[in-house]
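The lines below spell out each chain.
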Amino acid sequence: MAENTYLIRGAAILGGEAEDLLIRDGIIAARGKDLHDDDATVIDGTGLVALPGMVDVHTHLREPGREDAETVETGTRAAALGGFTAVHAMANSNPVADTAGVVEQVHSLGRASGWVDVRPVGAVTVGLAGEQLAELGAMADSRAQVRMFSDDGICVHDPVLMRRALEYVKAFDGVVAQHAQEPRLTAGAQMNEGAVSAVLGLAGWPAVAEESIIARDVLLTQHVGSRLHVCHVSTAGSVEIVRWAKARGINVTAEVTPHHLLLTDELVRSYDPVYKVNPPLRTDADVQALREGLADGTIDVVGTDHAPHPSEHKECEWAQAAMGMTGLETALSVVQETMIETGLMTWADFARVTSFTPAIIGRVADQGRPLEEGEPANVILVDPAARWTVDPHKMATMGRNSPFKGKELPGSVVATFFKGHPTVLNGKLNTPYRYAGNYPTPDAAGAVSGS
């Protein structure tokens, strides 16, 4: 058998008719019925759904500098197990990814790991400080070819600076991904502002803090004629603003996280810091609006906002706990439960919001491609009938802060093919993809070496 040839038999392509997929040398060599290849390793796809590899526009890999929370190696292992073949690594590392050198280091760490395609997100401002633009052009021209820029975790709240960033990225077809949070309206905020915060006596985080920034930025985007991406939309009002902007032809895209599609602020009554996240969990009415917005295309993609933290940063009193939740290994299942099993979306729709569109937003040319002959073989096989109970201690991510701990979820990733290589088989990590050539790889100290 040829090491790089695989024949997937009888999988439902995008949830439709069962067909065979022949993968050879990193490419889908054929698609159809009753395919045959004597050299191929045969994989039984009966009862499985074949989908394009998922692309996450919003992942925190923490490295460099925060390896106590996650590393590129552990984070991308988690991504492969979750069905991802590409992730966009956010810039809030230490040092911040605000120079060509840092984004190249992250990119090379991803290539050295070989589990998924790691696309660094460059910071919009130097040090995420919101005072001056970072080296946007240098990062775009670097080996990492950065096309998405974000100060995620911190809002670019200065409208003049935001306008300049939107103008700057036009030169290389980049996009500014905004963390929409007016800081003066959220000073000291601990959870969603509403009935639950009033009962608990926790400082409220009003929906208008998010919505006002989105409204401002879509107007700036229209004025400049650039591209805006809104990170982790969480309120019904935000959905309406994005819908209004799109109706007027403004070039805005938006994402929703799996946890905002399922969880509400009622969970905060437990005071369990695992439910502390930015933006906060909102109301059931917001959850329903987010689901409807994703179903009708107002919200373009699902982004995990995978945010691992060391246990000591979460296992403490609520006020001192870090904000964030893990999500790479549960995203597919949560979207299946909230969108597919509710009848709001099909598996073909799932591919649109988790693969096709995210790849377009991030300008990742060889990801999010159709499962057709001649296309790159970034493919996952999913068992939609499987049920599993979330145990954070059995996950590949270093983060144990999953809000779904102990919850039974539907659907599991059986196999992940990255560039035609099976990084996951039978639901378990197999071996990473190995790149050819002398692209620089990080040495033991994390520095980049090579040509």
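Scope of this entry: the structure provided in the associated data block. Note on numbering: residues in each chain are counted from 1, in written sequence order. Two thresholds apply to this predicted model, a pLDDT of at least 70 for residue-level local features and 80 or more for giving and counting side-chain atom pairs, whereas whole-chain, interface and lining totals are computed over all residues. Calculation of side-chain values draws on the structure's entire complement of heavy atoms; hydrogens and water are dropped beforehand.

1. Overview of unusual backbone geometry
Definition in use: A run of H or I in DSSP counts as a helix once it spans at least four residues, and a run of E counts as a strand once it spans at least two, with each numbered from the N terminus.
Cis geometry marks the peptide bond from E63 to P64; its omega dihedral reads 10 degrees. Position of P64 among the secondary structure elements: in the loop between β6 (54-59) and α1 (72-81). Of note in the backbone geometry, R363 takes a positive phi value of approximately 55 degrees without being a glycine. Its place among the elements puts R363 in the loop between α11 (347-361) and β16 (379-389).

2. Observations regarding the packing of aromatic side chains
Inclusion rule: Aromatic rings from Phe, Tyr and Trp, taking only the six-membered ring of Trp, are treated as a pair when their centres fall within 6.5 Å; an angle between ring planes under 30 degrees marks them as stacked, one over 60 as edge-to-face, and anything in between as tilted. Exposure categories follow from relative accessible area, calculated using a 1.4 Å probe and restricted to protein chains: below 20% of the type maximum is buried, above 50% is exposed, and the middle band is partly exposed.
With the rule as written, the count across this model stands at six aromatic pairs. Taking the centre distance of 5.6 Å and the plane angle of 70 degrees together, the rings of F418 and Y433 count as edge-to-face. Taken as a pair, F418 in strand β17 (residues 408-418) and Y433 in the loop between β19 (428-429) and β20 (441-442) lie far apart in primary sequence, 15 residues in all. By relative accessible area, which is 22% here, Y433 ends up partly exposed.

3. Some words on the environment of T221
Heads up, the rule is: Note on contacts: a residue pair qualifies if any of its non-hydrogen atoms lie within 4.5 Å across the two residues. Polar contact criterion, stated in full: a pair of N or O atoms within 3.5 Å, where within protein one must be able to donate a hydrogen and the other to accept it, and residues adjacent in sequence count only if both atoms are side-chain atoms.
Take T221: it is sitting in helix α6 (residues 207-224). When the C-alpha positions of T221 and E67 are compared, they lie 36 Å apart, and in sequence the two are 154 residues distant. Not counting chain neighbours up to four residues away, the residues in contact with T221 comprise L166, S226, R227, L228, I250 and N251. Among the polar contacts listed, one links the side chain of T221 to the backbone oxygen of D217, at a separation of 2.7 Å.

4. Digging into helix α2 (residues 100-113)
Let me state the cut-off plainly: Helix span, expected: 1.5 Å multiplied by one less than the number of residues in the helix.
Counted at 1.5 Å a residue, the expected span for α2 with its 14 residues is 20 Å, and the 20 Å between its end C-alpha atoms agrees. Considered for burial, the residues of α2 that qualify are A100, V102, V103, E104, Q105, V106, H107, S108, L109, G110 and S113. Downstream of α2 by a residue or two, G114 has a phi angle that is positive, lying close to 80 degrees.

5. Quick word on the environment of P273
Along the chain, P273 turns up in the loop between α8 (258-262) and α9 (284-295). Given the relative accessible area of 7%, P273 is considered buried. On a C-alpha basis, the gap between P273 and K314 in space is 5.9 Å, while along the polypeptide they are 41 residues apart. Aside from chain neighbours lying at most four places away, what touches P273 is K314, C316, E317, W318 and A321.

6. Considering the packing of α1 against α2
The criterion, for reference: Axes here refer to lines fitted to C-alpha atoms; in helices the fit is confined to the stretch in contact. Angles between the N-to-C directions go from 0 to 180 degrees. Note on terminology: angles under 35 degrees are roughly parallel, angles over 145 are roughly antiparallel, angles of 65 to 115 are roughly perpendicular, and the others are oblique. For any helix crossing, the convention is left-handed if the near helix is rotated counterclockwise from the far helix by under a right angle, and right-handed if that rotation is clockwise. Ten residue types, Ala, Val, Leu, Ile, Met, Phe, Trp, Tyr, Cys and Pro, are classed as nonpolar, four, Asp, Glu, Lys and Arg, as charged, and the remainder, Gly among them, as polar.
Across the interface, α1 lies against α2 with an axial gap of 9 Å and an inter-helix angle of 60 degrees. The angle between α1 and α2 falls in the class oblique. In the crossing of α1 with α2, the sense of the turn from one axis to the other is right-handed. Residues V72, E73 and T76 of α1 pack against L109, G110 and S113 of α2. Residues of the contact of α1 with α2, tallied by class, amount to two nonpolar, three polar and one charged.

7. Quick look at the sheet that holds strand β14 (residues 252-256)
Inclusion rule: At least two bridges found by DSSP between two strands are what make those strands a pair.
The strand order across the open sheet formed by five strands is β9-β10-β13-β14-β15, and the pairing between neighbours is parallel. Where the open sheet ends on each side, the last strands, each with one partner, are β9 (148-149) and β15 (301-302). For β9 and strand β10 (residues 175-178), the ladder comprises two bridges, and the chain directions are parallel. What sits directly across from F149, in β10, is V176.

8. Some details on empty space enclosed by the protein
To keep things clear, this is the line we draw: For cavity detection a 1 Å grid was placed over the protein atoms alone, and a set of points counts as a cavity when a 1.4 Å probe fits there but cannot get out; an open set counts as a pocket when protein lies on both sides within 12 Å along at least five of seven lines, with lining residues being those that have an atom within 4 Å of a point. Grid points are joined across faces, edges and corners, and a volume is the space filled by probe spheres set on the points.
Inspection of the entire model under this criterion finds five cavities of 30 Å³ or more. Considering only enclosed or pocket space, the largest cavity measures out at about 60 Å³ in volume. Together, L61, R62, E63, A89, M90, S93, A97, V106, P120 and V121 line the largest cavity. Grouping the constituent residues of the lining of the largest cavity by class yields seven nonpolar, one polar and two charged.

9. Structural notes on the side chain of T330
Residue placement: T330 occurs in the loop between β15 and α10 (331-340). Excluding its chain neighbours within four sequence positions, the residues that come into contact with T330 are W388, V390, M395, F404 and L409.

10. Here's the deal with helix α7 (residues 236-247)
A rise of 1.5 Å per residue sets the reference length of α7, with its twelve residues, at 16 Å; its end C-alpha atoms lie 17 Å apart and thus fit the reference within 8%. The elements touched by buried residues of α7 are α6, β14 and α9. Positive backbone phi, approximately 80 degrees, marks G249, located one or two places after α7.

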